[in-house]
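Summary of the model geometry
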Amino acid sequence: MTKGFSLLEVIISITLLALMMMYVVSLVDNSAKTKESISSEDRNILQVETMFQRLELDLSQIYTPLYFTTEKKKTREESLNEEDDPDNKSFNATAQYPKETVESFLIPNIDGPNRNTLIFLTNTNRRKKENVKESQYAWVKYEVKDSTSTDEPRQAAYELHRSTLTENLYRDQNDWDKIKPQTLLTNIKEMTFSYWDKDKKRFVDRIQEQSTDGNLIRLVQVKLIWVDHNEITHQYVRTFRPLWPNFDTAKDFEAKKAALKAPPPAEAAETTNSSAN
């Protein structure tokens with residue numbers, strides 16, 4: 001006759017099984033919570049990186065003819081003629097296009113009215129509908145404003161808005177108040193734009209503070225202080241530059257003028273031969 005398990009052995013077995021089940025349930029629960037936490041953190045970080053990628057794309061494709069030609073300087077005679085006959089101006093300046101180049105290209109106004117705002121013309125626009133009056137160009141405005149979001153608790157007071165104007169780009173003045181902005185990032189403590197001054201060898205707070213480039217961007221520095229959903233503060237410093245080559249357009253224009261004034265090679269050779277004879 002075989003003996004079965006004693007009551008004590010059964011109790012010990014059930015207790016061990018219960019402990020093992022508790023361990024498995026705890027392990028699964030912790031794994032699920034960790035996955036949820038990491039996914040949430042990844043979504044937050046992805047939002048920041050997506051914002052930087054959007055900003056980099058717009059700034060890399062910024063458009064102004066000053067990257068390949070030079071600004072037109074009026075002669076004294078032209079200024080006097082315009083004063084005598086204001087209706088006979090060859091170029092009428094507007095807030096959006098205050099100047100022109102020597103080849104009569106309009107120069108769009110790149111504006112940074114404060115450290116939290118940047119407005120420029122870019123060629124990253126893509127038409128979403130067929131046969132609409134749009135091109136690849138668009139006015140873009142980045143602005144840090146007070147947060148208006150009520151969907152989720154706020155960890156910081158500001159958010160970044162991106163507004164675009166894709167039609168009637170040559171209007172005298174852009175009315176940004178009528179444009180519904182896109183919110184790129186929330187929970188911002190601080191975000192500022194600064195611009196590289198090649199003469200001062202440092203970043204300045206406003207575009208107009210540059211020594212020689214004036215209404216032109218060579219390098220933009222973005223400083224961001226952002227708070228995630230766990231109320232952890234993150235600091236970022238990123239720099240962005242246009243894809244245009246960097247060269248002295250004024251010097252290039254003077255060389256072009258000198259080349260146009262020079263006699264053709266055959267004529268110059270005849271002049272040399274005549275001088276030799």
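Everything below is about the structure printed above this text.
Note that this is a predicted model, so its numbers are computed, not measured. (Residues numbered from 1 in each chain as written. Predicted model: local features only at pLDDT ≥ 70, side-chain atom pairs only at ≥ 80, totals over all residues. Heavy atoms only, no water.)

Some thoughts on the side chain of Thr-69
Counting through the fold element by element, Thr-69 comes out in the loop between α1 (7-60) and α2 (76-84). Classification of Thr-69 as buried rests on a relative accessible area of 4%. A polar atom in the side chain of Thr-69 sits 2.5 Å from the side chain of Glu-103. Beyond its immediate sequence surroundings of up to four residues, Thr-69 is in contact with Thr-101, Val-102, Glu-103 and Thr-249. (Helix = DSSP H or I, 4+ residues; strand = E, 2+ residues; numbered from the N terminus. Buried < 20%, exposed > 50% of the residue type's maximum accessible area, 1.4 Å probe, protein only. Polar contact = N/O pair within 3.5 Å; in protein donor to acceptor, adjacent residues only side chain to side chain. Contact = heavy atoms within 4.5 Å.)

Side note on the packing of aromatic side chains
Counted according to the given criterion, the structure contains 10 aromatic pairs. Consider the rings of Phe-68 and Phe-105, whose centres lie 5.8 Å apart with planes at 80°: the pair is edge-to-face. Taken as a pair, Phe-68 in the loop between α1 and α2 and Phe-105 in the loop between β1 (99-100) and β2 (106-107) lie far apart in primary sequence, 37 residues in all. Taking relative accessible area as the criterion, Phe-105 reaches 37% and is therefore assigned partly exposed. Centroid distance Tyr-97 to Tyr-170: 5.3 Å. Interplanar angle 25°. Geometry classified as stacked. Of this pair, Tyr-97 sits in the loop between α2 and β1 while Tyr-170 sits in the loop between β5 (158-165) and β6 (182-197); the two residues are 73 residues apart in sequence, bridging distant segments of the chain. (Phe/Tyr/Trp six-rings, centres within 6.5 Å; stacked < 30°, edge-to-face > 60°.)

What to know about the environment of Ile-188
Topologically, Ile-188 is positioned in strand β6. Residue class for Ile-188 comes out buried when judged on its relative accessible area of 0%. For the pair Ile-188 and Asp-228, spaced 40 residues apart in the sequence, the C-alpha separation amounts to 9.1 Å. Those residues within four positions of Ile-188 in sequence are excluded, and the remaining contacts are Ala-156, Ala-157, Tyr-158, Glu-159, Leu-160, Leu-224, Ile-225 and Trp-226.

Notes on the side chain of Thr-64
Among the secondary structure elements, Thr-64 is positioned in the loop between α1 and α2. Using a relative accessible area of 0% as the deciding quantity, one classes Thr-64 as buried. If sequence neighbours within four positions are ignored, Thr-64 has contacts with Ile-107, Pro-108, Ile-110 and Leu-216.

Description of the pairing of strand β4 (residues 138-146)
In terms of strand pairing, strand β3 (residues 117-122) meets β4 through 6 bridges, oriented antiparallel. Residue pairing for β4: Ile-119 is matched across the bridge by Lys-141. The pairing of β4 with β5 spans 8 bridges and is classified as antiparallel. Across the sheet, Glu-143 pairs through a bridge with His-161, a residue of β5. (Pairing = 2+ DSSP bridges.)

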